[in-house]
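Here are the chains, one letter per residue:
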Amino acid sequence: MINIIFSIVLASISIGQVNIFEIDGIFSSAHSRAISRHIEEFNYQKSDLLVVQYSSKQFNSEQLQRFNEEIFKQEFFTALWVGPYKVNVEFDTLESFDFVGFTPGVRIVNVDFDKEIEAKFCSLNDCNFAENTILVSNSEGIYEGYIIVGSIGAFLENLSSENFTSNLTNESIKLNLTNNLSSNQIQFIKPSLIERFYISITNPVFTYLFFVLGFALVGLELFAIGPGLMAFIGGGLILFSSMPFEEFGINYFGIGLFIIAFLIYIKILSRGYFSFLGVAAFVLLFLSSLLMFNDYEVNVNPISLALVSFGLATFYFIAIPTVIRSRLTTDTSAMTSFEGSKVKIIKILDNHTVLAELDGLEIRLDTMEDKQYKVNEEHIIKEEEGNLTI
């Protein structure tokens, strides 16, 4: 990092530029690319300070390790403030920065305790040796090697108030941030718009939601053929939602099970009525979601997956038939081609509809209210006010 040998304790360093890089959402390759690009483009000098505001609740271990290595090898000053949310942070990440701060309630995970770490953290904070975690205390203040404050502004003010020992060089350093704080020279940096979009879809709930919605729109296009816009949007959702699959370890057997559930939904829509097969499709869809995210690197709430599965079932059995009926009533050319054809009833669905067979094709037909119908009876199809009846 900073490899300068002093014969006396360094009293003060005036910081040239302070940049704050914000990390939120699930830590992924997008964050690693963004921080690397920023460091390369900004061309930091040794007297500059990069502050990382870390509020990522979950992370990809491999990408976080790359991030730690990228920060560790820099020659300018680096600081990490974990907040403003009570999130988990890897202990190895703390050791990659010169200066570290926390908001109260942060949990440090994967801690390999030794006497030095115990002396530094465990007298004030709650150390759980069984789980290798440290729960940061609610007592705000300046402590040996770290600061506990509720905001990043307070962290920067405390950082310039007295000498601090760098966690990387063990040098006693005082950062002079007076000019930076008073002249509003601090810049806040975020990943690019495309990178933030990728970060948003790494959330497994949104990944699953966009993935199943994409297939639903493709299915809608199959039954309500139009200019292809819905299929185009659906294909885009499938493509974008599948981008994090490889990085976070999706289970492809779960995707295969999902495809089977999708085909069952299509079969149900082609028959035109709901049955126990619809319940089976819903159960299979939910099971496929659990299998898809079984080995996912970040935690997934199964209740959220169940709600998304239920929403998709609702879309299949309500939204799609509604669109189909709407298009049929505005375009009667398909219905008039059946008018006058002879059909045989194969199933009574309810008091108003039956399932009939026409040349091997099963179609759903409306019935007269004052007439009784039986299975295997033959009738002639009529068209009344845009509906097919017998």
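Residues numbered from 1 in each chain as written. Predicted model: local features only at pLDDT ≥ 70, side-chain atom pairs only at ≥ 80, totals over all residues. Heavy atoms only, no water.

**Student:** Help me understand the packing of aromatic side chains, please; the structure alone is not making it clear to me.
**Tutor:** Each aromatic ring pair is specified by the distance between its two centres and by the angle formed by the two planes. Applying the stated criterion to the full structure yields 22 aromatic pairs. Relative to Phe-76, the ring of Tyr-44 has its centre 4.2 Å away and its plane inclined at 20 degrees; by these criteria the two rings are stacked. One end of the pair, Tyr-44, is in the loop between helix H1 (29-42) and strand E3 (49-54); the other, Phe-76, is in the loop between helix H2 (61-72) and strand E4 (77-82), with 32 residues separating them in the sequence. Relative accessible area serves as the criterion here: at 10%, Tyr-44 is assigned to the buried category. Judged by relative accessible area, which is 4%, Phe-76 ranks as buried. Joined through ring pairs, the aromatic side chains of Phe-91, Phe-102, Phe-121, Tyr-143 and Tyr-146 make up one cluster. Taking NZ or CZ as reference, Arg-33 lies 5.9 Å from the ring centre of Tyr-198, over its face. (Phe/Tyr/Trp six-rings, centres within 6.5 Å; stacked < 30°, edge-to-face > 60°. Helix = DSSP H or I, 4+ residues; strand = E, 2+ residues; numbered from the N terminus. Buried < 20%, exposed > 50% of the residue type's maximum accessible area, 1.4 Å probe, protein only. Lys NZ or Arg CZ within 6 Å of the ring centre and 35° of its normal.)

**Student:** Please explain the environment of Gly-340 as it appears in this structure.
**Tutor:** Tracing the backbone shows Gly-340 in the loop between helix H14 (333-336) and strand E16 (342-348). Gly-340 sits in the partly exposed class, given a relative accessible area of 48%. Along the sequence, Gly-340 and Ile-380 sit 40 residues apart, while their C-alpha atoms lie 5.6 Å from each other. Those residues in contact with Gly-340, other than ones at most four positions away along the chain, are Ile-380 and Ile-381. (Contact = heavy atoms within 4.5 Å.)

**Student:** Can you help me understand the nonpolar core in this one?
**Tutor:** Note on soluble globular proteins: their nonpolar side chains tend to be buried together. Counting 36 residues, the largest nonpolar core has Tyr-54, Phe-67, Phe-102, Ile-108 and Phe-121 as the members making the most contacts within it. Sequence-distant contacts of Phe-121, defined by excluding residues within four places in its chain, comprise Phe-91, Phe-102, Ile-108, Cys-127, Ile-134 and Tyr-146. In this structure, Phe-248, Ile-266, Ala-281 and Tyr-296 belong to the second largest nonpolar core, which totals 31 residues. (Core = buried A, V, L, I, M, F, W, Y, C linked by side-chain atoms within 4.5 Å.)

**Student:** Is there a simple way to explain empty space enclosed by the protein in this structure?
**Tutor:** Using a probe with the size of a water molecule, rolled over the atoms, empty space left in the structure can be pinpointed. A complete count under the given rule lists 1 cavity of 30 Å³ or more for this structure. Of all the secondary structure elements, the ones that give two or more residues to the lining of the largest cavity are strand E6 (99-102), strand E11 (146-148) and strand E12 (164-165). Residues of the lining of the largest cavity, tallied by class, amount to 6 nonpolar, 3 polar and no charged. (1 Å grid on protein atoms, 1.4 Å probe; cavity = no way out; pocket = protein on both sides within 12 Å on 5 of 7 lines; lining within 4 Å. Points joined across faces, edges and corners; volume = space filled by probe spheres on them. Nonpolar A, V, L, I, M, F, W, Y, C, P; charged D, E, K, R; others polar.)

**Student:** What is the right way to look at the layout of surface pockets in this model?
**Tutor:** Here the second largest pocket is characterised by a volume of approximately 490 Å³. Lining the second largest pocket we find 20 residues, and of these Glu-116, Lys-120, Gly-145, Asn-167 and Asn-170 sit closest to its centre. Mapped by element, the contributors of at least two residues to the lining of the second largest pocket are helix H3 (91-94), helix H4 (115-122) and E12. In terms of residue count, the dominant contributor to the lining of the second largest pocket is H4 (5 residues). Within the lining of the second largest pocket, the residues separate by chemical class into 10 nonpolar, 5 polar and 5 charged.

**Student:** Please explain the state of the cysteines as it appears in this structure.
**Tutor:** Two cysteines whose sulfur atoms are joined by a covalent bond form what is called a disulfide. The final tally for this structure, using the stated rule, is 1 disulfide. Bridging Cys-122 to Cys-127, the disulfide has an S-S length of 2.1 Å. Its S-S torsion of approximately -105 degrees makes the covalent link between Cys-122 and Cys-127 left-handed. (Disulfide = S-S within 2.5 Å.)

**Student:** Before we go on, may I ask you to explain the sheet that holds strand E8 (residues 126-128) in this structure?
**Tutor:** Backbone hydrogen bonds hold the strands of a sheet together, and the pairing may be parallel or antiparallel. An order of E5-E7-E9-E8 is seen for the 4 strands of this open sheet, with the pairing classed as mixed. If you trace the sheet from one side to the other, it starts and ends with strand E5 (88-90) and E8, each paired once. For this sheet, the mean inter-axis angle between neighbouring strands, taken without regard to orientation, is 20 degrees. Sheet topology places strand E7 (residues 107-109) next to strand E9 (residues 133-135); 2 bridges connect them, and they run antiparallel. Directly across from Ile-108, in E9, lies its bridge partner Ile-134. (Pairing = 2+ DSSP bridges. Axes fitted to C-alpha atoms, helices over the stretch in contact; angles between N-to-C directions.)

**Student:** Quick question: what am I supposed to make of the packing of helix H8 (residues 204-223) against helix H9 (residues 229-241) here?
**Tutor:** When two helices pack together, their arrangement is captured by the angle between the axes and the distance separating the axes. Look at H8 against H9: their axes get within 7 Å of each other, and the N-to-C directions meet at 155 degrees. Between H8 and H9, the interaxial angle falls into the category roughly antiparallel. Crossing handedness for the pair H8 and H9: left-handed. Where H8 approaches H9, its residues Thr-207, Phe-210, Phe-211, Leu-213, Gly-214, Phe-215, Leu-217, Val-218, Leu-220 and Glu-221 are matched on the opposing element by Leu-229, Met-230, Ala-231, Ile-233, Gly-234, Gly-235, Leu-237, Ile-238 and Ser-241. The class makeup of the residues in the contact of H8 with H9 is 13 nonpolar, 5 polar and 1 charged. (Parallel < 35°, antiparallel > 145°, perpendicular 65-115°, else oblique. Left-handed = near helix turned anticlockwise from the far one by under 90°.)

**Student:** Can you help me understand the pairing of E4 in this one?
**Tutor:** Successive side chains on a regular strand alternate, one facing one side of the sheet and the next facing the other. Among the 6 residues in E4, 6 count as buried, and that is most of the element. As judged from the 6 bridges shared by E3 and E4, these two strands associate in the parallel manner. Paired with Leu-49 across the bridge in E4 is Phe-77. Viewed along the sheet, the connection from E3 through H2 into E4 turns out right-handed. Here E4 runs beside E6; their pairing, made up of 4 bridges, is parallel. (Right-handed = clockwise from strand over helix to strand, strands pointing away.)

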